[in-house]
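# What the coordinates show
Below are the chains, spelled out letter by letter.
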Amino acid sequence: MASLHEQIGELRSHFLSDLKEASHSKDLENLKVKYLGKKGPIQALMLELKNCNSTERPLFGKLINDLKEELLSHCDHSLARLKQTELNDRLKEEWLDATLPGRASHKGRLHPITQVLNRVVDILIGMGFSVQLGPDVDTDYYNFEGLNFAADHPARDMQDTFYLAEQESLLLRTHTSNVQVHAMENLAPPIRIIAPGRCFRNEDISARSHVFFHQVEGFYIDRNVTFADLFATMDEFLSKLLGEKVETRYRPSYFPFVEPGLEVDVKCISCKGSGCRICKHTGWLEILGAGMVHPNVLKKGNIDPEVYSGYAWGMGIERLTMLLHDIKDIRLFTNNDLRFLEQFS
Ligand code: DAH
């Protein structure tokens, strides 16, 4: 019996000194296996019970069991303590200051041309027009002939055209007016449409002109449409676009597809008419072309000019955007320089 007491005492002190060394939860797991595992000393003592006589066995058994419980509870306590310390250490490392400002994500934005185009389209939808899109690549007929440009009409020289090499009659549209011709083919009066889109001209690229740009075309055909309707619509549209008090001026002009044709100016939005760099000291800004649809155009579209009449107008979006934001070089729109683009939120 004395020897079992000794063995138990020795085992305990070995265990306790090992326990002191354990600095990590992993060490403790190992310690537990070493002392309490199937091949450990406690198990070995249990096996020795077989050799005891029946009076000693319960007492010895209890002593061994008590030791087992004691070691187990040491292990569990230390394990819990170490795990907590380890968690605290980890949390300290992963420390996060929730009061720091967040990292801003880089938000995209619409191109200034798209923004102005959308605004123009929104206003006109609000006035009862619906959007019709036409092809960028079109035939000579839709771009010129259907719009009363005769084959040898000098007016064709007004617009330098990109012809597609393979087929002479295919071209990149020079204006969105081609949508008028498509609309008359596909719709019956009353027709009340707008056509936003891209146009192309074979011109030298400079601060003021580019080989491609955007226009919005407007086209209204019905019975009894008069000049008064055109003026009223343009005045309403331009005041919604540029402000209640904008002043308009209508000057005679020439486009083959309208008769009479007009150039519409607005009182300079920058100097209010007193003269500045933006309006080239004239006090006025040229903003769009318009007119009453030419009877020949209606006839080509199978619409009887004796019954129906209409007006049309077209405006350049690059030019408008340059006026609205005092932009001096049209090339800025296509350079994709973020320093420029980020100014338009
Ligand atoms: N298509 C003309 C251009 O590109 C603009 C224009 C003028 C359109 C008068 C019209 C109009 O519908 O009536 O210069």
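In this text the structure is predicted, and so the values were computed from the model without any measurement.

Turning to the pattern of salt bridges, a few remarks are in order. Two side chains bearing opposite charge may form a pair once their charged atoms approach each other closely. Applying the stated criterion across every chain yields a total of 15 salt bridges. The closest approach of N and O atoms between lysine 32 and aspartate 76, which form a salt bridge, is 3.5 Å. Placement of lysine 32 in helix 2 (residues 25-36) and of aspartate 76 in helix 4 (residues 56-93) is noted, with a sequence separation of 44 residues between them. Assessed through its relative accessible area of 28%, lysine 32 is described here as partly exposed. A salt bridge links aspartate 337 to arginine 339, with the nearest nitrogen and oxygen atoms 2.7 Å apart.

Time to look at the environment of glutamate 145. On the secondary structure map, glutamate 145 appears in the loop between helix 6 (140-143) and strand 3 (170-172). With a relative accessible area of 36%, glutamate 145 lands in the partly exposed category. C-alpha separation for the pair glutamate 145 and methionine 234, spaced 89 residues apart in sequence, amounts to 27 Å.

Moving on, we get to the packing of aromatic side chains. With the rule as written, the count across this model stands at 13 aromatic pairs. Here phenylalanine 129 and tryptophan 313 contribute two aromatic rings whose centre-to-centre distance is 5.4 Å and whose plane-to-plane angle is 80 degrees, an arrangement assigned as edge-to-face. Of the two residues, phenylalanine 129 is situated in the loop between helix 5 (112-126) and strand 1 (130-131) and tryptophan 313 in strand 9 (residues 308-316); the sequence distance between them amounts to 184 residues. Residue class for tryptophan 313 comes out buried when judged on its relative accessible area of 1%. The interplanar angle of 70 degrees and the centroid separation of 5.0 Å between the aromatic rings of phenylalanine 144 and phenylalanine 149 together place this pair among those described as edge-to-face. For the pair shown, phenylalanine 144 and phenylalanine 149 are each scored as buried. Site record: aromatic cluster; members linked through ring pairs are Phe129, Tyr220, Phe237, Tyr311 and Trp313. The lysine or arginine in question, arginine 192, covers the ring of phenylalanine 129, its NZ or CZ lying 5.8 Å from the ring centre. For the cation-ring pair, arginine 192 lies above tyrosine 220, with the distance from its terminal atom to the ring centre recorded as 4.5 Å.

What follows is about the environment of asparagine 335. As for its placement among the helices and strands, asparagine 335 is situated in the loop between helix 10 (317-325) and helix 11 (338-341). Taking the relative accessible area as the measure of exposure, asparagine 335 reaches 48% and is therefore partly exposed. With 21 residues separating them in the primary sequence, asparagine 335 and glycine 314 have C-alpha atoms 26 Å apart.

Another point: the pairing of strand 7 (residues 258-267). Burial analysis of strand 7 places 7 of its 10 residues in the buried class, the great majority of the element. Relative to strand 7, strand 6 (residues 248-253) runs antiparallel, the two being bridged by 6 bridges. Residue pairing in the sheet places arginine 249 in a bridge with aspartate 265 of strand 7. In this antiparallel pair of consecutive strands, strand 6 and strand 7, the connection spans 4 residues. With 8 bridges joining them, strand 7 and strand 8 (residues 284-293) adopt antiparallel strand pairing. Looking at strand 8, one finds that valine 264 is bridged to leucine 288.

Looking now at the sheet that holds strand 6. Taken in spatial order, the 7 strands of this open sheet run 1-4-5-9-8-7-6, and their pairing is mixed. With partners counted over all chains shown, the strands left at the sheet margins are strand 1 and strand 6, one partner each. Relative to strand 5 (residues 212-223), strand 4 (residues 191-200) is paired through 10 bridges, and the arrangement is antiparallel. By the bridge assignment for strand 5, isoleucine 191 is matched with isoleucine 221. Contacting strand 4, strand 5 and strand 9, helix 7 (residues 178-186) runs over the sheet at an angle of about 140 degrees to strand 4.

About the thresholds
- Residues numbered from 1 in each chain as written.
- Predicted model: local features only at pLDDT ≥ 70, side-chain atom pairs only at ≥ 80, totals over all residues.
- Heavy atoms only, no water.
- Salt bridge = Lys/Arg side-chain N within 4 Å of Asp/Glu carboxyl O.
- Helix = DSSP H or I, 4+ residues; strand = E, 2+ residues; numbered from the N terminus.
- Buried < 20%, exposed > 50% of the residue type's maximum accessible area, 1.4 Å probe, protein only.
- Phe/Tyr/Trp six-rings, centres within 6.5 Å; stacked < 30°, edge-to-face > 60°.
- Lys NZ or Arg CZ within 6 Å of the ring centre and 35° of its normal.
- Pairing = 2+ DSSP bridges.
- Contact = heavy atoms within 4.5 Å.
- Axes fitted to C-alpha atoms, helices over the stretch in contact; angles between N-to-C directions.

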